[in-house]
Amino acid sequence: MTEVAVIGLGRVGLPLALAFADAGLSVIGVDNDPTRIEALRAGRMPFDEPGAQAVLDRVRERLTLADRAADAHPARHIVLTLGTPAMSHIEIDLRQIRSVLDDLLPHLREGHALHLRSTIAPNTTDYVAGYVAKHRGFEIGTEVFVAHVPERIASAKFFEEISTLPCIVGGVGERSGAVAAELFEVLGAPIVQTTPVQAELAKIWTNILRYANFALPNLLMMDCEQYDANVFEVVELINKDYPRGGMKLPGFTAGTCLRKDFAFSEERSNAPGMLLAVSRVNESVPLFLVQGLKRRLDGSLKDKKIAVLGLAFKSDTDDERDSLSYKLVRLLERELADVAIHDPHVPTPTSSLGDAVLDAEAVVVATNHSEFASRDVLRQIVEGAKRDALVVDPWNSWGAAQVFAHADEVLALAAR
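Residues numbered from 1 in each chain as written. Predicted model: local features only at pLDDT ≥ 70, side-chain atom pairs only at ≥ 80, totals over all residues. Heavy atoms only, no water.

**Student:** With reference to specific residues and values, describe helix H17 (residues 407–414).
**Tutor:** Among the residues of H17, Ala407, Val410, Leu413 and Ala414 are the ones counted as buried. The arc that holds the buried residues of H17, viewed along the axis, is 125 degrees, so those residues lie on one side. For H17, the elements touching its buried residues are helix H16 (375–384), strand S14 (390–392) and strand S15 (404–406). (Buried < 20%, exposed > 50% of the residue type's maximum accessible area, 1.4 Å probe, protein only. Helix = DSSP H or I, 4+ residues; strand = E, 2+ residues; numbered from the N terminus. Arc of directions from axis to C-beta. Contact = heavy atoms within 4.5 Å.)

Written out as structure tokens, the structure reads:
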């Protein structure tokens, strides 16, 4: 019998399926995206994840692919890594989980274990257990096992962190936690047993903590613009030799997890609006940059060429999901600017760096890819863009410590 099935072969599920197979388990991978399945059957990773292609190359014989959730039933362990978006009115969207559960219900038998890997709102694990018990009559924790085993790995760091980050397990009933641990301990990380709701809270608040921490320097950046101060110098003053410092640097704070996971707490919050305010700060950064550009370019961006460097939501990845770069581009287009985009990582076709910056009146660093921080890129901007072109760099890519500055000024400051 196949040991494990992973339903959902996206950026969470596929690396996990490969890791199980690499640990010697027989794995069924299930996904309803035909393009993704086709790529895997051809032996190609459908997206970039450092180290994943090498693992796929050596485990293909232990990985069976399917396009229906019901095909997962031969496996004892079934891991759900499905999308759990937040609806626009601050409510978790469980339709993907419900759909898969309905497909699986007729095939469940005693001994099956369901492990929820997706990020979910508090009490969702108990809901899934109750749903299975209601429709099939199983006693959860003795006949069928249900647990939440949240994924907390950073984008592009899966194979670095899967064996080192503590693996939180929240099981329903008597033995669900132990059964989940039997599966996940093969990956090598220490197992931490807790209750389902505490596992759910630990995951969403891991992301909320980062989301809130990044909002503070973004708000500080806006305050510094208001008071004609330098955000990078203020952050340095806050942190320098101060034992209670730790202020982060500003930048675009986005990605699928950070932009939605706060809503799973906000849904039933005891302080409604607090996390919405955090979200509003992070979501306002593209508008703040556009408004700053307008003030510095004679009050209008109409017919002005603006180069945007970066579409990915995170540096040195190809992941464009929920990237604020797209919001920036839309806002620029609404100002009737001529937008040119360059990103060396993403699958979306973009211009070359040279074409993007050629004759640009402003260049915005939207993603802090390591390539952009090179002096060669800065020289290309200085030489290709218009003479007095602005560089907008909330990431401080070149160490010039200026959010808004002219290109030659950035080059001079970066040379120090």
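There's more to say after this.
**Student:** I'd like a description of the packing of aromatic side chains, backed by residues and values.
**Tutor:** For the coordinates displayed, the defined rule picks out 5 aromatic pairs. Between tyrosine 127 and tyrosine 131 the ring centres are 5.8 Å apart and the planes differ by 40 degrees, which places this aromatic pair in the tilted class. Of this pair, tyrosine 127 and tyrosine 131 both sit in helix H5 (residues 124–136), 4 residues apart, which is roughly one turn of that helix. One cation-aromatic arrangement involves arginine 296 over phenylalanine 404; the distance from NZ or CZ to the ring centre is 3.9 Å. (Phe/Tyr/Trp six-rings, centres within 6.5 Å; stacked < 30°, edge-to-face > 60°. Lys NZ or Arg CZ within 6 Å of the ring centre and 35° of its normal.)

**Student:** Residues and numbers for the pattern of salt bridges, please.
**Tutor:** Taken as a whole, this structure holds 19 salt bridges when the rule is applied. With a closest N to O distance of 3.6 Å, aspartate 319 and arginine 11 form a salt bridge. Of the two residues, aspartate 319 is situated in the loop between strand S11 (305–309) and helix H14 (324–334) and arginine 11 in the loop between strand S1 (4–7) and helix H1 (13–22); the sequence distance between them amounts to 308 residues. You can call aspartate 319 buried: its relative accessible area is 1%. Judged by relative accessible area, which is 23%, arginine 11 ranks as partly exposed. The residue arginine 68 makes a salt bridge to aspartate 71 at a minimum N-O spacing of 2.7 Å. Connected via shared salt-bridge partners are Arg11, Asp318, Asp319 and Arg321. (Salt bridge = Lys/Arg side-chain N within 4 Å of Asp/Glu carboxyl O.)

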